[in-house]
Amino acid sequence: MDDWKVIGTANVDFCINEKKTLSHGKLPGKSVAIGWVKIDNDYRGNKLGKKLLSYIEEKAKETGMRKVYATSVMADAKGFWEKMGYEWSGELRTWMKKL
C-alpha cells in the first residue's frame, strides 16, 4: 500500500438535530453541511468531484437528510456547484440543494 495516494477529500457534517451551529452559521435539522470538496489538481477533469459529491448526497438521502449546504471560498467553485444542481442560498459563500 505504499503506492496509495489520496486524490480527493471532502469535509461533511450531518446535522440531525435542529439548528446545529457550524463554521458558516446555523443549519436546520436533517441537513448536511459540506465544508469542502477537494480533488488533487493532477486528477481534475475526470469527474471525481462529481462522483464524490454524488456519494455524499446518496448517503444523505439514505439517512433522511432533506438539504445539503455547501460552503466555498474558491472563485472557480461557482460553476461546479451550479452544474451539480446547487443554488446560491443568499448567505455568505453558501450553496444549497434540496434532496
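Just so you know, these numbers come straight off a predicted model, no measurement behind them. (Residues numbered from 1 in each chain as written. Predicted model: local features only at pLDDT ≥ 70, side-chain atom pairs only at ≥ 80, totals over all residues. Heavy atoms only, no water.)

Chemist: Tell me about the side chain of Ser-31, and name the residues and values.
Modeler: Structurally, the position occupied by Ser-31 is in strand E4 (residues 31-39). Residue Ser-31 is classed as buried on the basis of its relative accessible area of 1%. If we skip the residues at most four places from it in the chain, Ser-31 touches Asp-13, Phe-14, Cys-15, Met-65, Lys-67 and Tyr-69. (Helix = DSSP H or I, 4+ residues; strand = E, 2+ residues; numbered from the N terminus. Buried < 20%, exposed > 50% of the residue type's maximum accessible area, 1.4 Å probe, protein only. Contact = heavy atoms within 4.5 Å.)

Chemist: Can you tell me about the sheet that holds strand E5 (residues 67-71), naming the residues and giving the values?
Modeler: Spatial strand order, E1-E4-E5-E7-E6: five strands in an open sheet with mixed pairing. Only two strands of the sheet have a single partner each, and these edge strands are strand E1 (8-15) and strand E6 (87-88). Most of the contacts of helix H1 (residues 48-62) go to E4, to which it runs at about 160 degrees, and overall it touches E1, E4 and strand E7 (94-98). (Pairing = 2+ DSSP bridges. Axes fitted to C-alpha atoms, helices over the stretch in contact; angles between N-to-C directions.)

Chemist: Outline the nonpolar core, supporting the account with residue identities and numerical values.
Modeler: The nonpolar side chains of soluble globular proteins are, as a tendency, buried together. Ranked by internal contacts, the top residues of the largest apolar core, which has 13 residues, are Val-32, Ile-34, Leu-53, Ala-70, Trp-81 and Tyr-86. Those elements that place two or more of their residues in this core are E4, H1, E5 and helix H2 (77-83). By residue number, the principal contributor to this core is H1, which donates three residues. When near neighbours in sequence (up to four residues on either side) are disregarded, Leu-53 contacts Ile-34, Phe-80, Trp-81, Met-84 and Tyr-86. Membership of the second largest hydrophobic core comes to five residues, among which are Leu-27, Ala-33, Tyr-69 and Met-96. (Core = buried A, V, L, I, M, F, W, Y, C linked by side-chain atoms within 4.5 Å.)

Chemist: Explain unusual backbone geometry to me, and be specific about the residues and the numbers.
Modeler: Glycine aside, negative phi is the norm for most residues, and most peptide bonds take the trans geometry. At Lys-30, a residue that is not glycine, the phi angle is positive and equals roughly 55 degrees. Tracing the backbone shows Lys-30 in the loop between strand E3 (25-27) and E4. According to the relative accessible area criterion, Lys-30 is partly exposed, its value standing at 34%. Although it is not a glycine, Lys-47 adopts a positive phi angle of roughly 65 degrees. Structurally, Lys-47 is set in the loop between E4 and H1.

Chemist: Could you give me a rundown of the pattern of salt bridges, with the residues and numbers involved?
Modeler: All chains considered together, the criterion is met by three salt bridges. Ionic pairing is found between Lys-5 and Asp-40, a salt bridge with its closest N-O pair at 3.6 Å. Separated by 35 residues along the polypeptide, Lys-5 in the segment before E1 and Asp-40 in the loop between E4 and H1 bring together distant segments of the chain. When the shortest N-O distance is used, the salt bridge between Glu-57 and Lys-97 registers 3.3 Å. Here Glu-57 is found in helix H1, whereas its partner Lys-97 is found in strand E7, with 40 residues between them in sequence. Here Glu-57 matches Lys-97 in class, with each residue buried. (Salt bridge = Lys/Arg side-chain N within 4 Å of Asp/Glu carboxyl O.)

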